[in-house]
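The lines below spell out each chain.
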Amino acid sequence: GLKKVEVATTNKLSLPILGNIKLIASKDQLQLIGTDLENYMTITINDVGVEIEGETVIKNIKDIIKSFKFMKESYTEIKVDNNDNITITNGSRNIKLLTDNVEEYPKGFEVGEIDNQYSYNTKTLHNRIKKVNFARMKGDIRPILEGIYFNESDIVALDGFRVALSNDPLLRINDSFIIASGTVNILLKTLNNKVKNEIRISNNKKYVMFEYDNVKIISRLLEGQYFNYKDIFPKEYKSVSLETKKIKEDIEFLSIHTDRVIEMIFNDNRIEFKANNVNGIFNVEYNIKHGIEEHMGFDKKYMLDVLKTVDSEKIEMGITRRINPIYIKEND
C-alpha cells in the first residue's frame, strides 16, 4: 500500500507535506492517502484491527518502505501517542518518528456530480496507455500535449513529431477528456497489467476517477481543445509488411553508426536501410514485393520508440510521399 500510494506524492519544496502520506484508521480498515494537488489517491486496507480510530501523517516514506523489507513478521503494529510520535513495530524491529500536522494535509477534491461511468479492465488499460505513452510531449512546454487523450474508442498521445493511437471498441468514451502527465505515471505504476481486474472510470468536466483493486484515484483533467489527430493519419497509402523483430534489430545495428537519421530507399522490389558517417556506409537490405519508388530519411530514435511497443510479429508500414509521415500499424 505504501509503495503504491507513494507514486501520488511529490517533493515540492514549497509544500513539503505533499511528500508525506496520511493514514486514517476507522472501524476495520486503514486508508493510506497521497496527493500532489493534481491527483488524490487512496489505498484501502481491510481486515485491520483498529483499537483507536484516528488520523496521522507519516514522513520519510522512502525510508519506511525500505525498512519493511526487513520486517518479516505477519503483522505490524502502528501507534500514535499524545506527543505526535508514531511508532511502527514488527517483531523486534521498531521505527519511532515525529508525525506531521494532520490538519495541514490537503483535503480531497469536491468532485460533484458524475456525468459518465465506464467499466473496463486494468490489464488492457495499462497496455494501451503504455503503447502510446512514448509519443507524449515531455518538458512542461505544452501541458495539453503532455497528457493522454481519451476520445470515443481511441487513446491518443502526440508531441508534434509523432502521434500514437490505440483503439478498442470495448471502451467508448462519451465525453472526451485529457488526463495529465502525473495521472499517466500513477496509472502505469499501479495498474495491474498481469490480470484483467475490473476498473471503473468516472468523469465529469473537471475530474476523472479510477477505481480498481483497493485503489481510488481522483485526478484533475487538463483543460483545452486537443488537436484533430484523425486528420494526421493518411487515408490512402502504399504499404509493405515487415517482420518486427528483424527490422528492430537492423535499425539498432544502423543506429550505432549514425547520430540521428537513417535513410530508407524503396526501389525495384527492394528495401534498403542505410546509415552514413565519416568512416563509411552501413546498410541492410530486404527483397520484398511492394511497388513503391521512394527515398526518405527518418529519426532512428523515433522509429525505435515505436518498435519497442509493438507486440505483433509483423508491422504494416505505410508510405505516401517523401515529406509526409511514415505510418506504422500493428497487425491487430
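Residues numbered from 1 in each chain as written. Predicted model: local features only at pLDDT ≥ 70, side-chain atom pairs only at ≥ 80, totals over all residues. Heavy atoms only, no water.

S.K.: For this particular structure, what's the right way to read the layout of surface pockets?
M.R.: Approximately 1600 Å³ is the volume found for the largest pocket. Lining the largest pocket are 47 residues; nearest its centre among them are Val 163, Ala 164, Phe 233, Tyr 327 and Ile 328. Considering only residue class, the lining of the largest pocket consists of 25 nonpolar, nine polar and 13 charged. Looking at the second largest pocket, its volume works out to about 1200 Å³. Around the second largest pocket, the lining is made up of 41 residues, and of these Leu 30, Val 48, Glu 77, Ile 78 and Lys 79 lie nearest the centre. Of all the secondary structure elements, the ones that give two or more residues to the lining of the second largest pocket are helix H1 (2-6), strand S1 (21-26), strand S2 (29-35), strand S3 (39-46), strand S4 (54-58), helix H2 (61-68) and strand S5 (77-80). With five residues, S4 is the largest single contributor of residues to the lining of the second largest pocket. Partitioning the lining of the second largest pocket into residue classes produces 20 nonpolar, ten polar and eleven charged. (1 Å grid on protein atoms, 1.4 Å probe; cavity = no way out; pocket = protein on both sides within 12 Å on 5 of 7 lines; lining within 4 Å. Points joined across faces, edges and corners; volume = space filled by probe spheres on them. Nonpolar A, V, L, I, M, F, W, Y, C, P; charged D, E, K, R; others polar. Helix = DSSP H or I, 4+ residues; strand = E, 2+ residues; numbered from the N terminus.)

S.K.: What am I meant to see in helix H7 (residues 300-307) here?
M.R.: An α-helix turns once every 3.6 residues. As a result, residues three or four positions apart point the same way. Among the eight residues that make up H7, six are buried, leaving the element largely enclosed by the rest of the structure. Restricting attention to buried positions, one finds in H7 the residues Lys 300, Met 303, Leu 304, Asp 305, Val 306 and Leu 307. Summarising the contacts, the buried residues of H7 are in contact with helix H6 (244-255), strand S17 (261-267), strand S20 (294-299), strand S21 (314-319) and strand S22 (327-330). The opening residue of H7, the one whose side-chain oxygen lies 2.8 Å from the backbone nitrogen of Lys 301, is Asp 299. (Buried < 20%, exposed > 50% of the residue type's maximum accessible area, 1.4 Å probe, protein only. Contact = heavy atoms within 4.5 Å. Polar contact = N/O pair within 3.5 Å; in protein donor to acceptor, adjacent residues only side chain to side chain.)

S.K.: Is there a simple way to think about the pairing of strand S6 (residues 85-90) in this case?
M.R.: Note that S5 and S6 share four bridges and pair antiparallel. In the strand pairing of S6, Ile 78 is matched with Ile 88. Turn length for the S5-S6 hairpin, with the two strands adjacent in sequence and antiparallel, is four residues, and the turn residue Asp 84 shows positive phi of about 60 degrees. When S6 meets strand S7 (residues 93-98), the two strands line up antiparallel, connected through six bridges. Within S7, the residue paired with Ile 86 across the bridge is Leu 97. (Pairing = 2+ DSSP bridges.)

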